[in-house]
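A structural walkthrough
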Amino acid sequence: SQQGEEDPQALSIQEGENATMNCSYKTSINNLQWYRQNSGRGLVHLILIRSNEREKHSGRLRVTLDTSKKSSSLLITASRAADTASYFCATVGHGSGNTGKLIFGQGTTLQVKP
Amino acid sequence: GAVVSQHPSWVICKSGTSVKIECRSLDFQATTMFWYRQFPKQSLMLMATSNEGSKATYEQGVEKDKFLINHASLTLSTLTVTSAHPEDSSFYICSAHGLAGVSEQYFGPGTRLTVT
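Calculation notes
- Residues numbered from 1 in each chain as written.
- Chains lettered and ligands numbered in written order.
- Predicted model: local features only at pLDDT ≥ 70, side-chain atom pairs only at ≥ 80, totals over all residues.
- Heavy atoms only, no water.
- Helix = DSSP H or I, 4+ residues; strand = E, 2+ residues; numbered from the N terminus.
- Contact = heavy atoms within 4.5 Å.
- Areas by Shrake-Rupley, 256 points an atom, 1.4 Å probe, with all protein chains shown as cover.
- Lys, Arg positive; Asp, Glu negative; His and termini not counted.
- Charge placed at Lys NZ, Arg CZ, Asp CG, Glu CD.
- Buried area = accessible area lost by both parts, 1.4 Å probe.
- Salt bridge = Lys/Arg side-chain N within 4 Å of Asp/Glu carboxyl O.
- Polar contact = N/O pair within 3.5 Å; in protein donor to acceptor, adjacent residues only side chain to side chain.
- Nonpolar A, V, L, I, M, F, W, Y, C, P; charged D, E, K, R; others polar.
- Buried < 20%, exposed > 50% of the residue type's maximum accessible area, 1.4 Å probe, protein only.
- Pairing = 2+ DSSP bridges.
- Core = buried A, V, L, I, M, F, W, Y, C linked by side-chain atoms within 4.5 Å.
- Disulfide = S-S within 2.5 Å.

Regarding the overall build of chain A
On a plain count of helices and strands, chain A comes out with zero helices and 11 strands. Shown N-terminal to C-terminal, the secondary structure of chain A runs as helices and strands in the order β-β-β-β-β-β-β-β-β-β-β. Dimensions of chain A, computed from the C-alpha atoms along their principal axes, are close to 45 × 30 × 20 Å. Restricting to contacts in chain A with at least 6 residues of sequence separation, those with at least 24 account for 56%. Surface summary for chain A: the accessible area is close to 5,500 Å², and the carbon and sulfur share equals 45%. In chain A, 13 positive and 9 negative side-chain charges are present, and the distance between their average locations comes to 6 Å.

Quick notes on the interface of chain A and chain B
Contacts between chain A and chain B engage 21 residues on the former and 20 residues on the latter. In this assembly, chain A packs against chain B so that about 1,500 Å² is buried in total across both faces, 53% of it on carbon and sulfur atoms. Counting the contacts that link chain A with chain B gives one salt bridge. The shortest N-O distance in the salt bridge between B:Glu59 and A:Lys101 comes to 3.0 Å. On inspection of chain A and its partner chain B, the count reaches five residue pairs in polar contact (both at pLDDT 80 or more). Counting residues per element, the ones that place at least two in the side of chain A that touches chain B are strand 4 (29–37), strand 5 (43–50) and strand 10 (102–104) of chain A. Tallied by class, residues from the side of chain A that touches chain B come to six nonpolar, 12 polar and three charged.

Some words on the side chain of B:Gln38
Following the sequence through the fold, B:Gln38 ends up in strand 4 (residues 32–38). Of the residues examined, B:Gln38 reaches a relative accessible area of 7% and is grouped as buried. Sequence-distant contacts of B:Gln38, defined by excluding residues within four places in its chain, comprise A:Gln37, A:Phe88, B:Ser43, B:Leu44, B:Ser90, B:Phe91 and B:Ile93.

Section: the environment of B:Gln29
Residue and element names in this part refer to chain B. Position of glutamine 29 among the secondary structure elements: in the loop between strand 3 (19–25) and strand 4. Among the residues examined, glutamine 29 registers a relative accessible area of 52% and is labelled exposed. Along the chain, glutamine 29 and threonine 111 lie 82 residues apart, while their C-alpha atoms are 21 Å from each other.

Quick word on the pairing of strand 7 (residues 61–66) of chain A
Residues and elements named next belong to chain A. Alignment of strand 6 (residues 55–58) against strand 7, held across four bridges, turns out to be antiparallel. In the strand pairing of strand 7, glutamate 55 is matched with threonine 64. In the sheet, strand 7 pairs with strand 8 (residues 71–76) via six bridges, with the strands oriented antiparallel. From the neighbouring strand, leucine 61 faces strand 8, where its bridge partner is isoleucine 76. Between strand 7 and strand 8, which follow one another and run antiparallel, lie four residues, and lysine 70 among them has a positive phi close to 55°.

Let's talk about the nonpolar core
Residues B:Val4, B:Trp35, B:Phe67, B:Leu79, B:Tyr92 and B:Leu113 are the most contacted members of the largest nonpolar core, which totals 25 residues. Among residues more than four places away in sequence, those in contact with B:Val4 are B:Cys23, B:Arg24, B:Ser25, B:Phe28, B:Cys94, B:Ala96, B:Tyr106, B:Phe107, B:Gly108 and B:Pro109. Among the nonpolar cores identified, the runner-up in size contains 20 residues, and A:Ala19, A:Cys23, A:Ile49 and A:Leu74 belong to it.

Quick notes on the sheet that holds strand 1 (residues 6–7) of chain A
Taken in spatial order, the five strands of this open sheet run 1-3-8-7-6 (chain A), and their pairing is antiparallel. With one partner strand each, in any of the chains shown, strand 1 and strand 6 of chain A form the two edges of the open sheet.

Digging into the state of the cysteines
Residue and element names in this part refer to chain A. Tallied over the full model, the rule gives two disulfides over all chains. Between cysteine 23 and cysteine 89 runs a disulfide, and the two sulfur atoms are separated by 1.9 Å. Classification of the bridge connecting cysteine 23 and cysteine 89 rests on its S-S torsion, roughly 70°, and on that basis the disulfide is right-handed. Taken together, the residues span a long stretch of sequence, with cysteine 23 in strand 3 (residues 19–24) and cysteine 89 in strand 9 (residues 85–93) at a distance of 66 residues.

See below:
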């Protein structure tokens, strides 16, 4: 079953602008991860943020996590046409018996126009 | 980084036949592999967790007799779609989670299955 919602479902921006995507989840988590998927391809891991972290950076990516609101955001700065893809958040739950399986959000489709 | 391959990348089969999809970890040993299904313009839905040397754990609503999973070695898991029907047409993606203490998963490129 899906963990939660992503917002917006689709986003279209001009090259150079920033893109912000939000993700909400329902259960307590061990960590939250963001993945990117180009059309018809597998997923590429972008960044992982642990439940005790609030913000993390990687290149042009900035991820925040608010466990009190059960939400996360992914910011892509200075977007490029090559950033056009679908972006998914995924969570790993807490608890014994947790196999590390990922539960994915609905995804945001980002289009960056040159 | 770790590489996961899938074979075939696409397959077309007739209704009623079975199709096997392979997922291999190329440069690391994967104690756990996951199988996902993705319909067009939708997110990934976890189908099952495959553990080397033991039976797979299926998610609720996934028929274990229809989607046979075998994880006979630390580098190979297979998904067999038995008696395929057109509604089984989908994008099947595997991922591997082999490094102790590492939460990141490594995804295969996916297999596009079309059942006619």
